[in-house]
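# Secondary and tertiary structure notes
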Amino acid sequence: ASGMSADTKIAELLTELHHLIKRTQEERSRSEHNLLNIQKTHERMQTENKTSPYYRSKLRGLYTTAKADAEAECSILRHALDKVAEIKSLLEERRIAAKMAGVYSDSDPPRKTMRRGVLMTLLQQSAMTLPLWIGKPGESPPPLCGATPASGDYVAKQGDKVAARVKAVDGDEQWILAEVVSYSHSTNKYEVDDIDEEGKERHTLSRRRIIPLPQWKANPETDPEALFSKDQLVLALYPQTTCFYRALIHAPPHRPQDDYSVLFEDTSYADGYSPPLNVAQRYVVACKENKKK
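In this text, all values refer to a predicted model and were calculated from it rather than measured experimentally.

Below, the discussion takes up the packing of aromatic side chains. Under the criterion given, the structure shown has 6 aromatic pairs. Both rings, one in Tyr 54 and one in Tyr 55, keep their centres 5.3 Å apart while their planes meet at 50°; by these two values the pair is tilted. Summarising the aromatic geometry, the rings of Tyr 238 and Tyr 245 are spaced 6.1 Å apart at their centres and angled 85° between planes, so their arrangement reads as edge-to-face. According to the relative accessible area criterion, Tyr 245 is partly exposed, its value standing at 34%.

So, in structure tokens, the structure goes:
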């Protein structure tokens, strides 16, 4: 029954989103007339080569309207973005519920591990659809936006993706991409699943072995300070793998949809670093250990 209600709710939200997008378009058409008017008034002033009190007050009126129009359009767009976030969180709830049901029913045969290619595509999609933080003028990006770390007392929620430091069979330490199963406030430990071996590999880890992944992309055009800068040491997900390795930022993203360019520490190269590789904002976090391996 709960599954049904989630589906119904998602369908309702999609309809609302559809209406909001149409309203954005209507707002835009409505305000276009006014913007054209501003342009024409400027042209007329240039031909007549004078700024009369008449033009001055006319322009003031037109600009006031234009600003109000832009704010109205902006508020509809924000409303639409909230709907998208709501839909995504319902889909996530549904995914977690399905996963729990799968893990705890003995009758079903264990779920086959996802094909490698499928997993890689999912990771790429998750990076691409990570929402862009769009603050109001003067508003600072929140924790977990781009390179902005989580607050000290932050606890990652069930289903959240994290970088987790695990001991391999050979005793080597490795940072892997993992999903949070639960957190115990009494032991201050997380239970996480290796993203690659879902359900098979469950690790119990202390807080310092967990780094939450960003929940928003930072916009380089408006919030460059929320991004890692050139030559900063980070942990980055190596392309086509589910492991994080130490890397230097070669170049931060230029546009909101761009990736970082990073140089991975790699002893097989003379200078100790790989050639530049692209890694999405979603999979670049601050490096916790500073000693060279």
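Ranked by size, the top nonpolar core spans 32 residues in total, and within it Leu 177, Phe 244, Val 262, Tyr 283 and Val 284 carry the most contacts. Going through the elements one at a time, helix H3 (116-128), strand S2 (173-184), strand S6 (233-237), strand S7 (243-251), strand S8 (260-264) and strand S10 (284-286) are the ones with two or more residues in this core. When sequence neighbours within four positions are dropped, the list of residues in contact with Val 262 reads Ala 236, Ala 247, Leu 248, Ile 249, His 250, Ser 274, Pro 275, Pro 276, Leu 277 and Val 279. Counting 13 residues, the second largest nonpolar core, distinct from the first, contains Ala 156, Ala 164, Ala 178 and Val 180.

Moving on to the domain arrangement of the protein chain. In terms of domains, the protein chain is made up of domain 1 (6-101) and domain 2 (160-212). Here the C-alpha centroids of domain 1 and domain 2 sit 42 Å apart.

The rules we used
- Residues numbered from 1 in each chain as written.
- Predicted model: local features only at pLDDT ≥ 70, side-chain atom pairs only at ≥ 80, totals over all residues.
- Heavy atoms only, no water.
- Phe/Tyr/Trp six-rings, centres within 6.5 Å; stacked < 30°, edge-to-face > 60°.
- Buried < 20%, exposed > 50% of the residue type's maximum accessible area, 1.4 Å probe, protein only.
- Core = buried A, V, L, I, M, F, W, Y, C linked by side-chain atoms within 4.5 Å.
- Helix = DSSP H or I, 4+ residues; strand = E, 2+ residues; numbered from the N terminus.
- Contact = heavy atoms within 4.5 Å.
- Domains from an automatic or database assignment.

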